[in-house]
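# Descriptive analysis of the structure
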Amino acid sequence: MAAHKPVEWVQAVVNRFDEQLPIKAGQQNTHTKVSTEHNKECLINISKYKFSLVISGLTNILKNVNNMRIFGETAEKNLYLSQLIILDTLEKCLAGQPKDTMRLDETMLVKQLLPEICHFIHTYREGNQHAAELRNSASGVLFSLSCNNFNAVFSRISTRLQELTVCSEDNADVHDIELLQYISVDCSKLKRLLQETVFKFKALKKVAQLAVINSLEKAFWNWVENYPDEFTKLYQTPQTDMADCAEKLFDLVDGFAESTKRKAAVWPLQIILLVLCPEIIQDIAKDVVEETKMNKKLFLDNLRKALAGHSGSRQLTESAAIACVKLCKASTYINWEDNSVIFLLVQSMVVDLKNLLFNPSKPFSRGNQNADVDLMIDCLVSCFRINPHNNQHFKICLAQNSPSTFHYVLVNSLHRIITNSALDWWPKIDAVYCHSMELRSMFSETLHKAIQGCGAHPAIRMTPSLTFKEKMTSLKFKEKPTDLETRSYKFLLLSLVKLIHADPKLLLCNPRKQGPETQGSTAELITGLVQLVPQSSMPDIAQEAMEALLVLHQLDSIDLWNPDAPIETFWEISSQMLFYICKKLTSHQMLSSTEILKWLREILICRNKFLLKNKQSDRSSCHFLFLYDVSGGGTSQISLDHEEMIRCAPGATLRKGKGNSSMESTAGCSGTPICRQAQTKLEVALYMFLWSPDIEAVLVAMSCFRHLCEEADIRCGVDEVSVHNFLPNYNTFMEFASVSNMMSTGRAALQKRVMALLRRIEHPTAGNTEAWEDTHAKWEQATKLILNYPKTKMEDGQVTESLHKTIVKRRMSHVSGGGSIDLSDTDSLQEWINMTGFLCALGGVCLQHRSSAGLATYSPPMGPVNERKGSMISMVSTEGNAETPVSKFIDRLLTLMVCNHEKVGLQIRTNIKDLVGLELSPALYPMLFNKLKNTISKFFDSQGQVLLTETNTQFVEQTIAIMKNLLDNHTEGSSEHLGQASIETMMLNLVRYVRVLGNLVHAIQIKTKLCQLVEVMMERRDDLSFCQEMKFRNKMVEYLTDWVMGTSNQATDEDVKCLTRDLDQASMEAVVSLLAGLPLQPEEGDGVELMEAKSQLFLKYFTLFMNLLNDCSEVEDESAQTGGRKRGMSRRLASLRHCTVLAMSNLLNANVDSGLMHSIG
């Protein structure tokens, strides 16, 4: 299609892009975001070949979206997101515009696209976040548009200038002139702009002149920042035509500046125009200056006077500050060897400039804080680039008692120095590394204030910091920050975190410090960042903190954590971070947990890279070898709760020897309690994400298991031991990882695969045990909420308070995370179902290797035996100790088998039936069998009479379905466990109960299912254990043969006849399997000789079977005579006849001695 019908093909892609915009498709999720991004990339690639088609299509979409009428906050947000997506796509398409685009395309771009883009720029609303972002995005599109279509854009500006020269209105529209600020200009284009302005400036009204003055200055910076080499060459090879234009315009605006107000408006542009004239700057620096250049010299003198505060006008002083900052900034783009005069000019002003802008006792303010901050940042950056070693202003900004604005300016200046180093002669950030300690203190204090202002718990520090403590004394008696202060702290905190992200070494540097101090400061820095990750009230900061932590985990950064002992420090700090994050994840205290899990996966990758690089140094991993005792299947785990972890001081355990050259220096690092605890908590988190209703979260968790395995591979390679010493369930973890790459299926199929792998977990560890226990606790809570719905919904506040006082509220599709539930949200019930399956599948591993109390093979992570309460999961017999969670869980499942909740009762019963029957770990079969037996035995009174109730019948029916699924499923490992508990009593009781149900349709269906269960039971006969098999089978034959032909002749309804024939069929198939090799055993005490009794019993069954054969023949004859024989009934009868013959054959084969005479006769 793309080759033969390119227009239609491109239009189809454009239409798909349009349909998936948020304004049409609704709120975006991960899947739709990926899809939208894919569509965007497609259009960008297509635009390289079909440029005009794509741009035309996107322009039409933008026009239609802009004209849409919307209602409500959600729709407004979706509109804004859609516009941003379209503008971003347009910008990227225009950036890749082919050079051979025809003039026709250019005309089309101007006529269609330019007005839409100008709409966003012209309709900017101050203070509106969406409008600001849209304006920035639109300006990016205009910049890209002007790169290859400058003439078209310039024509619009020039035309408007011409119109304004003849306009008599004082309040004329100058929006098109303001486009100068956003277009791409190189040296030649800037000259055109200057020439056009010189030509028309005098004829313009004041409002238009001011607009031109303001916009030209912005255009200059667009040129310098995008084409710095051209500006640098201007001072190497002066361009006369550029200087002439600049000088003429300087004189024009100098004449315009008649009043103080006008001077203040034009000075920033005048300094720029002067910078464009290198030779004039040289000339006016001399003692004798030409008459034509005296106004330039006078301008500079007035500038210096105003800067020093001698002008008598605040407006002029502020304008002088702006102009001098522009001069300083422009000078940094000039190599001082090319023109030393301009630097002398800068030096003559910079001291007064810094005194004006950075005076703590009298902060500079023009009433526009954003503009003031930008000016101060420009000044600070420029001063650093001019003289990086004169850092007096840095010290002023770092001082604790300086205004918070100074801190914000400093941090953002440092960030710009790091991220923007376009020119070779600009100094690097390492000149500021000496201030690392002060920056860390600023981070700690700001973090404390920001979190305190959000009402969260105070920031917790892993290690004490003397500097931080001294600074914090001033906060002890200070009231909680106001909302305004908190907001400013948040902005500063975000900037600090971005600074760490940009160059972690800036805050890691510890000149002249000992190892313990270095590690302590690193631990405090990383702890602060880690605490920001779960901050739902500061999502931007949380995201940036994750990025910063990721950079801190890069190889070159980890080496700086503590160069004296890198391995030990890595294990200590990284493990504490891992523990804290995983603890938050498992307690569901994070809103964007899936994104955090993805980030955690990247952290694990970084950890493994570091281990691989240092594996020869990390011989200490031998201390970790016996964390898991494979022979016993357990672990030896030292307890360390969260508070203990925070209180521990990593630096205190350091040795002074070099960690990378001394085996002793890293001894025990990977075997310390916090390392083992972190490993366990990580395993717990990954296990618990497996039952998430979010498919992506499940797949990410599965992929994380690969990195656990990689760590084990690295370490076992060093110590030359089996990988299973580190990860007992290594093989299953690798299977999880491989499935995460292949799975592209639905939620149900994914969960089924997950449960299959969970059943293959062989060894109990601290991780899987804790994961099961935690999940069980959440499942119990969720079950109560579901069963109490909608009561809990009405009493939401009270229940939330009582259940989870400390849990952060999150979207209630996850029932495990809060105190209320909304069953109209399908994810709520789905998560409960997934948890149920998880507990069923993993429950078996918790019962293994506990046959002897004397074997110290497993100790849960709860401290020494004499200090802890009983283990959550202890030795369990097949009877099921009622005190263990596993036993309680099975008991709870049995009660839910007959759940009659009006809203979700059917769903719960169905899922319990399927999960217990198909997904239960085989190790739990014996316990299940015994509990089912005990429950069903209560359906009979002391005399053995059936207690017939609707609930009992429902339980019996569910049991039949579960047992059939369980026996029919042939789950891996089931043969080993099926025979550990006898099911004879339960099966007999099931039949005894079902016998008395009568002949209603439902009763017939239950009997049929029970017969099918008996048949499956006999198929698995070799795997099951029987106490008195022959007696049991004889009894079952006796009961089941009573159902043959029990109601088939009396039924009048055709549907009932079909059901009764199905029962006959099922009964006979069950009887066939029971009779195979079964010698008849009459019940004792009947007073008849044994052989005679057997003969009579044989005759009874044989006669029944003969009657059944005759009945089949009669029915077939009747159907043939009436012509109403149905194909389905015919097949039923044929199959029934076949089963009856088989039953007679099996009966005779096993009882020739007592039955041959009857069969012949």
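Residues numbered from 1 in each chain as written. Predicted model: local features only at pLDDT ≥ 70, side-chain atom pairs only at ≥ 80, totals over all residues. Heavy atoms only, no water.

Next up on the list: the confidence of the model for the protein. Taken residue by residue, the protein gives an average pLDDT of 80. The fraction at 70 or more is 81%. Below pLDDT 50 for its whole length, residues 620–668 participates in 128 contacts with residues either more than four positions away or in separate chains. In the predicted structure, residues 793–815 sits below a pLDDT of 50 and forms 49 contacts with residues beyond four places in sequence or in another chain. (pLDDT = per-residue confidence, 0-100. Contact = heavy atoms within 4.5 Å.)

To continue, consider the packing of aromatic side chains. Taken as a whole and judged by the stated rule, the model has 27 aromatic pairs. Consider the rings of Phe570 and Phe610, whose centres lie 4.6 Å apart with planes at 40°: the pair is tilted. Of this pair, Phe570 sits in helix 28 (residues 566–586) while Phe610 sits in helix 29 (residues 593–613), placing them 40 residues apart in sequence. Taking relative accessible area as the criterion, Phe610 reaches 0% and is therefore assigned buried. Taken together, the ring pairs in this structure connect Phe220, Trp221, Trp223, Phe231 and Tyr235 into an aromatic cluster. Over the ring of Trp221 we find Lys329, and its NZ or CZ is 4.5 Å from the ring centre. The residue whose ring lies beneath Arg385 is Trp426, and the NZ or CZ to ring-centre distance is 3.6 Å. (Phe/Tyr/Trp six-rings, centres within 6.5 Å; stacked < 30°, edge-to-face > 60°. Helix = DSSP H or I, 4+ residues; strand = E, 2+ residues; numbered from the N terminus. Buried < 20%, exposed > 50% of the residue type's maximum accessible area, 1.4 Å probe, protein only. Lys NZ or Arg CZ within 6 Å of the ring centre and 35° of its normal.)

Further remarks concern the environment of Ser738. Inspection of the secondary structure puts Ser738 in helix 33 (residues 730–742). Put simply, Ser738 and Ser703 are 35 residues apart on the chain and 7.5 Å apart in space, counted from C-alpha to C-alpha.

What follows deals with helix 15 (residues 294–307). Helix length check: helix 15 (14 residues) gives 20 Å between terminal C-alpha atoms against 20 Å at 1.5 Å per residue, within 8%. All buried positions along helix 15 are accounted for by Lys296, Phe299, Leu300, Leu303, Ala306 and Leu307. Down the axis of helix 15, the buried set is contained in an arc of 130°. They therefore lie on one face. At its buried positions, helix 15 is contacted by helix 12 (240–256), helix 13 (260–275), helix 14 (278–284), helix 16 (314–331) and helix 17 (340–357). A positive phi of about 85° marks Gly309, the residue just after helix 15. (Expected span 1.5 Å × (residues − 1). Arc of directions from axis to C-beta.)

Moving on: the nonpolar core. In terms of nonpolar packing, the biggest core is built from 346 residues, with Trp223, Phe231 and Trp599 touching the most fellow members. Residue contributions to this core peak at 13 residues, all from helix 32 (residues 695–719). Not counting chain neighbours up to four residues away, the residues in contact with Phe231 comprise Phe220, Trp223, Val224, Val275, Ala330, Tyr333 and Ile334. (Core = buried A, V, L, I, M, F, W, Y, C linked by side-chain atoms within 4.5 Å.)

Moving on, we come to the packing of helix 25 (residues 515–532) against helix 26 (residues 539–552). The contact between helix 25 and helix 26 brings their axes to 8 Å, and the two run at 140°. Compared by their axis directions, helix 25 and helix 26 come out oblique. Between helix 25 and helix 26 the crossing geometry is left-handed. On helix 26, the residues touching Ile526, Leu529, Val530 and Leu532 of helix 25 are Ile541, Ala542, Ala545, Ala548, Leu549 and Leu552. (Axes fitted to C-alpha atoms, helices over the stretch in contact; angles between N-to-C directions. Parallel < 35°, antiparallel > 145°, perpendicular 65-115°, else oblique. Left-handed = near helix turned anticlockwise from the far one by under 90°.)

On to the packing of helix 28 against helix 29. Interhelical geometry of helix 28 versus helix 29 gives an angle of 165° and a closest axis separation of 12 Å. The orientation of helix 28 relative to helix 29 falls into the category roughly antiparallel. As for the relative orientation of helix 28 and helix 29, their crossing is left-handed in sense. Residue-level contacts link Pro566, Ile567, Phe570, Trp571, Ser574, Ser575, Met577, Leu578, Ile581, Cys582 and Leu585 of helix 28 to Ser593, Ile596, Leu597, Trp599, Leu600, Ile603, Leu604, Arg607, Phe610 and Leu611 of helix 29. Class assignment for the residues of the contact of helix 28 with helix 29 results in 17 nonpolar, three polar and one charged. (Nonpolar A, V, L, I, M, F, W, Y, C, P; charged D, E, K, R; others polar.)

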